[in-house]
Amino acid sequence: DFAKRLAEPDAAPVVKEGDVVVMYGGPGNIDHCVIKRGAQYSTRHGSFKHNDMIGVPYGSQIRSHHNESAWQWIVEPSPELWAHALNTRTQIVDEMDASIIVMHLDLFPGAVVVESGTGSGNMTMAMARAVGGGERGHVYTFEFNEGRAAKAAEDFQRLGVGGMVTVTHRDVCGKREGEPKGFADVVGSHAADAVFLDLPEPWLALEAAAEVLRPGRNLCSYSPCIEQAARTCEKLRQLGFFGIRTVEVRRRHYDVREVEYEVPNMQLRAPDGAPPAKRSREEPDAAPAKERRTETREERNQRLQEQRDSLKPTPYRTQLVSRPRAFIKGHTAFLTFASSSPTLGGGGTSPPAPASPGEEPGAEETGAEGDAHDGAAEAAAAEDEMQEA
């Protein structure tokens, strides 16, 4: 249970029936399965029985009954692993982009996040992990495709984050006539600590995002094309956002390994301190050229062996080195960040609640309006007294 692991990080989890586990067979062999008693997980290398996994601590390695050389690691789902293990319904946010988004949105345990563009749900998982552990931490995610919204809600329930994530099927841009749009009726006015938009036309949802975003908090728009980012920045300026910036994240892998190499002799002087003598054309102990021409192969091999035996062993050194790979992962998206103006909006409100039985609708609003009029009258009277004085 993902939420339980956030609340009890020191607990040692074990695999239970009904758990969603990640089967890790290597960097290019990552999958997932739901543990069911009597079932088995099959790969091209071998089969693994679910009964052998139940009760085993996460992080354990199991081997196939039919092929002892086949193995799999049983790993807990994390947003990074889930990105490789899930059956993607749309293009997902890369883990390197997700880490930058979580950092620049300034997510913290207990934060409220609004997301538009649920897709496969991988970015939702990353944000749920960041805001989990608090009393009010929650992710409100909106998806215009009804099938993808239903499937994402099912995945969140299976992964144990259903209580931290609310999935709503809606076109927040308002392109569908007669249907609700925006976020405020679900989230509340100025109640969100961060907004993340993964939409084809994010500028159409910026006004709705500004309505739910707390003053001074951050927004991020994920756009594959620079034209989308440029138009989004223009709309953000019109709405009074500040700190507008667009970044592109590139990742390069490094190979780190241990190597052994010969230590060169860098001495410029002989051991006794004298400068090294110039090398003559022939070594003093070398055999004359005529004798070398007449020596047999056995004599030559013996002479070379004696020379090798007389040499001191060459010292070697072991050192850790790194080398960048020539391949760099290509473009993923442009990330546009901005902060809402501190002068926009108020302290935040919760979603509208229905009136209780016997209570007249709007009574609370009328009382607040009366208090505002009384305060204005007192301020005017005080100003008149100061002018008379």
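Computed from a prediction, not measured in an experiment: that's the story for all the values here.

**Student:** Can you help me understand the pairing of strand 10 (residues 192-197) in this one?
**Tutor:** The side chains of a regular strand alternate, first on one face of the sheet and then on the other. Buried residues dominate strand 10, accounting for 6 of its 6 residues. The pairing of strand 7 (residues 112-116) with strand 10 spans 4 bridges and is classified as parallel. Across the sheet, the residue bridging to Val-114 is Val-195, located in strand 10. Sheet analysis places strand 10 next to strand 11 (residues 213-223), joined by 5 bridges and oriented parallel. Its bridge partner lying in strand 11, Leu-197 is registered against Ser-221. Tracing the backbone out of strand 10, into helix 8 (residues 206-212) and back to the parallel element strand 11 gives a crossover that is right-handed.

**Student:** Sorry if this is basic, but what is going on with the pattern of salt bridges here?
**Tutor:** Any two side chains of opposite charge can pair, given that their charged atoms come close. Going through the model one piece at a time under the given rule, you end up with 15 salt bridges. The salt bridge partner of Arg-251 is Glu-95, with a shortest N-O separation of 3.4 Å. You can see Arg-251 sitting in the loop between strand 12 (242-247) and strand 13 (252-262) and its partner Glu-95 sitting in helix 4 (residues 95-104), a full 156 residues away along the chain. Judged by its relative accessible area of 23%, Arg-251 falls in the partly exposed class. Glu-95 sits in the partly exposed class, given a relative accessible area of 25%.

**Student:** Just to check I follow, could you spell out the layout of surface pockets for this structure?
**Tutor:** Rolled over the atoms, a probe sized like a water molecule indicates the empty space that remains. What the largest pocket holds in volume is close to 590 Å³. Lining the largest pocket are 32 residues, and of these Gly-117, Phe-144, Asp-198, Leu-199 and Pro-200 lie nearest its centre. Broken down by secondary-structure element, the contributors of at least two residues to the lining of the largest pocket are strand 7, helix 5 (122-131) and strand 8 (138-143). Among the residues forming the lining of the largest pocket, the class breakdown is 12 nonpolar, 11 polar and 9 charged.

**Student:** How do you make sense of the packing of helix 4 against helix 5 when you look at a structure like this?
**Tutor:** When two helices pack together, their arrangement is given by the angle between the helix axes and the distance between those axes. Interaxial distance between helix 4 and helix 5 falls to 10 Å at its minimum, and their mutual angle equals 40°. One way to sum up the angle between helix 4 and helix 5 is to call them oblique. The two elements helix 4 and helix 5 cross, and the hand of that crossing is right-handed. Contacts between helix 4 and helix 5 involve Ala-98, Ile-101 and Val-102 from the first element and Met-123, Ala-126 and Ala-130 from the second. The residue makeup of the contact of helix 4 with helix 5, split by class, is 6 nonpolar, no polar and no charged.

**Student:** What is the right way to read the sheet that holds strand 7 from this model?
**Tutor:** For sheets, the rule is that strands pair by backbone hydrogen bonds, running either parallel or antiparallel. In spatial order, the strands read 9-8-7-10-11-15-12; together these 7 strands make up an open sheet with mixed pairing. Since the sheet does not close on itself, it has two edges, and those belong to strand 9 (165-169) and strand 12, each with one partner. Shown here is a sheet whose adjacent strand axes are inclined to one another by a mean of 15°, direction ignored. The pairing of strand 11 with strand 15 (residues 334-339) spans 6 bridges and is classified as antiparallel. Following the sheet pairing, Ser-221 is matched in strand 15 by Thr-336. On the sheet, helix 5 packs against strand 7, strand 8, strand 9 and strand 10 and is oriented at approximately 165° with respect to strand 8.

**Student:** Would you explain the pairing of strand 15 in this entry?
**Tutor:** Counting buried positions along strand 15 gives 6 out of 6 residues, so the element sits mostly inside the fold. Of the two faces of strand 15, the one lined by Phe-334, Thr-336 and Ala-338 and the one lined by Leu-335, Phe-337 and Ser-339 are each fully buried. As paired elements, strand 12 and strand 15 share 4 bridges and run antiparallel to each other. Each bridged residue has a counterpart across the sheet, and for Arg-245 the counterpart in strand 15 is Phe-337.

**Student:** What am I meant to see in the confidence of the model for the protein here?
**Tutor:** Reading fine detail from the predicted coordinates is not recommended where pLDDT is low. This prediction gives the protein a mean pLDDT of 80; 76% of its residues lie at or above 70. In the predicted structure, residues 352-383 sits below a pLDDT of 50 and forms 1 contact with residues beyond four places in sequence or in another chain. Residue range residues 385-389 is modelled with pLDDT below 50. Its contacts to residues more than four positions away, or to other chains, number 0 contacts.

**Student:** It is not clear to me how the nonpolar core should be interpreted in this structure. Could you clarify?
**Tutor:** Note that soluble globular proteins tend to have their nonpolar side chains buried in a common cluster. With 36 residues, the main nonpolar core has Ile-101, Leu-107 and Phe-196 as its most contacted residues. Elements supplying a minimum of two residues to this core: strand 1 (20-24), helix 3 (79-85), helix 4, helix 5, helix 6 (146-159), strand 10, strand 11 and strand 15. For this core, the element with the most residues is helix 5, which contributes 6 residues. Filtering out sequence-adjacent residues up to four positions away, Phe-196 remains in contact with Val-93, Ile-101, Leu-105, Val-114, Glu-115, Ser-116, Met-123, Met-127, Cys-220 and Tyr-222. Ranked by size, the runner-up nonpolar core spans 26 residues in total, among them Val-172, Val-187, Ala-209 and Leu-236.

Cut-offs and rules
- Residues numbered from 1 in each chain as written.
- Predicted model: local features only at pLDDT ≥ 70, side-chain atom pairs only at ≥ 80, totals over all residues.
- Heavy atoms only, no water.
- Buried < 20%, exposed > 50% of the residue type's maximum accessible area, 1.4 Å probe, protein only.
- Helix = DSSP H or I, 4+ residues; strand = E, 2+ residues; numbered from the N terminus.
- Pairing = 2+ DSSP bridges.
- Right-handed = clockwise from strand over helix to strand, strands pointing away.
- Salt bridge = Lys/Arg side-chain N within 4 Å of Asp/Glu carboxyl O.
- 1 Å grid on protein atoms, 1.4 Å probe; cavity = no way out; pocket = protein on both sides within 12 Å on 5 of 7 lines; lining within 4 Å.
- Points joined across faces, edges and corners; volume = space filled by probe spheres on them.
- Nonpolar A, V, L, I, M, F, W, Y, C, P; charged D, E, K, R; others polar.
- Axes fitted to C-alpha atoms, helices over the stretch in contact; angles between N-to-C directions.
- Parallel < 35°, antiparallel > 145°, perpendicular 65-115°, else oblique.
- Left-handed = near helix turned anticlockwise from the far one by under 90°.
- Contact = heavy atoms within 4.5 Å.
- pLDDT = per-residue confidence, 0-100.
- Core = buried A, V, L, I, M, F, W, Y, C linked by side-chain atoms within 4.5 Å.

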